[in-house]
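A look at the structure
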Amino acid sequence: NAGVTQTPKFQVLKTGQSMTLQCAQDMNHEYMSWYRQDPGMGLRLIHYSVGAGITDQGEVPNGYNVSRSTTEDFPLRLLSAAPSQTSVYFCAVQDKPNYGYTFGSGTRLTVV
Amino acid sequence: KQEVTQIPAALSVPEGENLVLNCSFTDSAIYNLQWFRQDPGKGLTSLLLIQSSQREQTSGRLNASLDKSSGRSTLYIAASQPGDSATYLCAVRPGFNDYKLSFGAGTTVTVRA
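We now turn to the structure provided with this report. (Residues numbered from 1 in each chain as written. Chains lettered and ligands numbered in written order. Predicted model: local features only at pLDDT ≥ 70, side-chain atom pairs only at ≥ 80, totals over all residues. Heavy atoms only, no water.)

Concerning the environment of Leu13(A)
All names here are of chain A. On the secondary structure map, Leu-13 appears in strand β2 (residues 10-13). On the basis of relative accessible area, Leu-13 is assigned to the buried category, the value being 5%. Remark: the alpha-carbon pair of Leu-13 and Val-112, spanning 99 residues in sequence, is separated by 6.3 Å. In this structure Leu-13 touches Ser-18, Met-19, Ala-81, Leu-109, Thr-110, Val-111 and Val-112, once residues within four positions along its chain are discounted. (Helix = DSSP H or I, 4+ residues; strand = E, 2+ residues; numbered from the N terminus. Buried < 20%, exposed > 50% of the residue type's maximum accessible area, 1.4 Å probe, protein only. Contact = heavy atoms within 4.5 Å.)

Below is the structure:
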């Protein structure tokens with residue numbers, strides 16, 4: 001997954017704690033997005049951004065915050081972690097519309 | 001709302017057999033469809049991207065077909081190898097200005113040596 005870096009790879013949080021999942025890309029792509037993957041449910045879109053300063057909600061945005069101050073970075077913030085947010089989180093980027101998506105290697109989050 | 005289904009959920013074949021993976025979607029008004037591979041505990045690796053105007057795409061032993069009118073795509077993997085064992089996901093993009101992918105739940109493939 002060259003070009004899309006997610007940190008951390010693993011994280012354990014206690015209920016109520018907050019944290020930020022980082023996503024950085026060096027491909028200068030305008031479009032960035034966050035998905036969560038849960039067993040048997042496929043990937044679901046949380047938030048996305050079509051460029052610096054522009055963000056929008058996806059399918060499951062509740063409990064998450066995003067901002068896009070630069071083209072390179074798109075952090076995902078959990079404001080008050082809940083056990084239901086235990087999941088694997090993926091960041092994805094895309095360049096031109098006719099190109100496919102490139103995914104990061106994921107962050108595995110456990111909320112206890 | 002676009003619904004994407006992948007059947008079967010799991011598949012086990014002997015080495016050398018050809019693999020046929022199915023992906024169906026409810027809304028035929030798509031922009032493109034992308035197939036991914038995911039190894040356990042890893043991220044998604046793009047395999048093939050088919051634009052809505054295309055009927056198929058090929059890369060090495062992989063061939064993906066698209067029939068928009070019937071809402072189906074099929075991924076063929078020729079002469080399977082144990083290294084092909086993974087989960088295969090399909091994702092549909094609705095439109096040019098709509099970036100939100102709809103994913104199937106995936107087909108987990110095991111190729112027995």
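Now that the structure has been shown, we can carry on.
Description of the sheet that holds strand β8 (residues 76-78) of chain A
Residue and element names in this part refer to chain A. If you walk across this open sheet you meet the four strands as β1-β3-β8-β7, and the pairing is antiparallel. Edge positions in the sheet fall to β1 (4-7) and β7 (64-66), since each has one partner strand and no second. Sheet twist, expressed as the average angle between the axes of neighbouring strands with direction ignored, equals 20 degrees. The pairing of β7 with β8 spans three bridges and is antiparallel. Across the sheet, residue Val-66 finds its bridge partner in β8, namely Leu-76. (Pairing = 2+ DSSP bridges. Axes fitted to C-alpha atoms, helices over the stretch in contact; angles between N-to-C directions.)

Topic: the packing of aromatic side chains
Inspection of every chain in the model, using the stated rule, returns 11 aromatic pairs over all chains. For the pair Tyr31(A) and Tyr48(A), a centre-to-centre distance of 6.1 Å together with 40 degrees between the ring planes defines the contact as tilted. On the criterion of sequence distance, the pair formed by Tyr31(A) in strand β4 (residues 31-38) and Tyr48(A) in strand β5 (residues 42-51) is long-range, its members being 17 residues apart. Summarising the burial analysis for this pair, Tyr31(A) and Tyr48(A) share the class buried. Clustering of aromatic rings is evident, with ring pairs tying together Tyr35(A), Phe90(A), Phe103(A), Phe36(B) and Phe103(B). Its end group placed over the ring of Phe74(A), Arg68(A) keeps NZ or CZ at 6.0 Å from the ring centre. When the ring centre of Tyr99(B) is taken as reference, the NZ or CZ atom of Arg93(B) above it lies at 4.7 Å. (Phe/Tyr/Trp six-rings, centres within 6.5 Å; stacked < 30°, edge-to-face > 60°. Lys NZ or Arg CZ within 6 Å of the ring centre and 35° of its normal.)

Topic: the environment of Asn22(B)
Residues and elements named next belong to chain B. By secondary structure assignment, the location of Asn-22 is in strand β3 (residues 19-25). Along the primary structure Asn-22 and Ile-7 are separated by 15 residues, whereas in three dimensions their C-alpha atoms are 5.9 Å apart. Residues in contact with Asn-22, not counting those within four places in the same chain, are Thr-5, Gln-6, Ile-7, Trp-35, Ser-73 and Thr-74.

A short note on the sheet that holds strand β6 (residues 56-59) of chain B
Strands sit in the order β1-β3-β8-β7-β6 (chain B) across an open sheet of five strands; the sheet is antiparallel. Both edges of this open sheet fall to β1 (4-5) and β6 of chain B, since each of them pairs with a single strand only.

Observations regarding unusual backbone geometry
For the bond from Thr7(A) to Pro8(A), the omega torsion is -10 degrees, close enough to zero to count as cis. Mapped onto the elements, Pro8(A) comes out in the loop between β1 and β2. Backbone torsion omega between Ile7(B) and Pro8(B) reads 5 degrees, so that peptide bond is classified as cis. The residue Asn28(A) is not glycine, and still its phi comes out positive at about 60 degrees. Of note, Asn28(A) is situated in the loop between β3 (19-25) and β4. The backbone of Ala79(B) shows a phi angle near 45 degrees, a positive value even though the residue is not glycine. Tracing the backbone through its elements, the reader meets Ala79(B) in the loop between β8 (72-77) and β9 (86-93).

Examining the state of the cysteines
Taken as a whole and judged by the stated rule, the model has two disulfides over all chains. Paired through a disulfide, Cys23(A) and Cys91(A) show a sulfur-sulfur distance of 1.9 Å. An S-S torsion of about -70 degrees defines the bridge between Cys23(A) and Cys91(A) as left-handed. With Cys23(A) in strand β3 and Cys91(A) in strand β9 (residues 87-94), this residue pair connects regions lying 68 residues apart in the sequence. Comparing Cys23(A) with Cys91(A), the two get one shared label, buried. Two residues share a disulfide in this structure: Cys23(B) and Cys90(B), whose sulfurs sit 2.0 Å from each other. Disulfide Cys23(B)-Cys90(B): torsion about the S-S bond near 80 degrees, hence right-handed. Of the two residues, Cys23(B) is situated in strand β3 and Cys90(B) in strand β9; the sequence distance between them amounts to 67 residues. Accessibility classification places Cys23(B) together with Cys90(B) in one group, the buried group. (Disulfide = S-S within 2.5 Å.)

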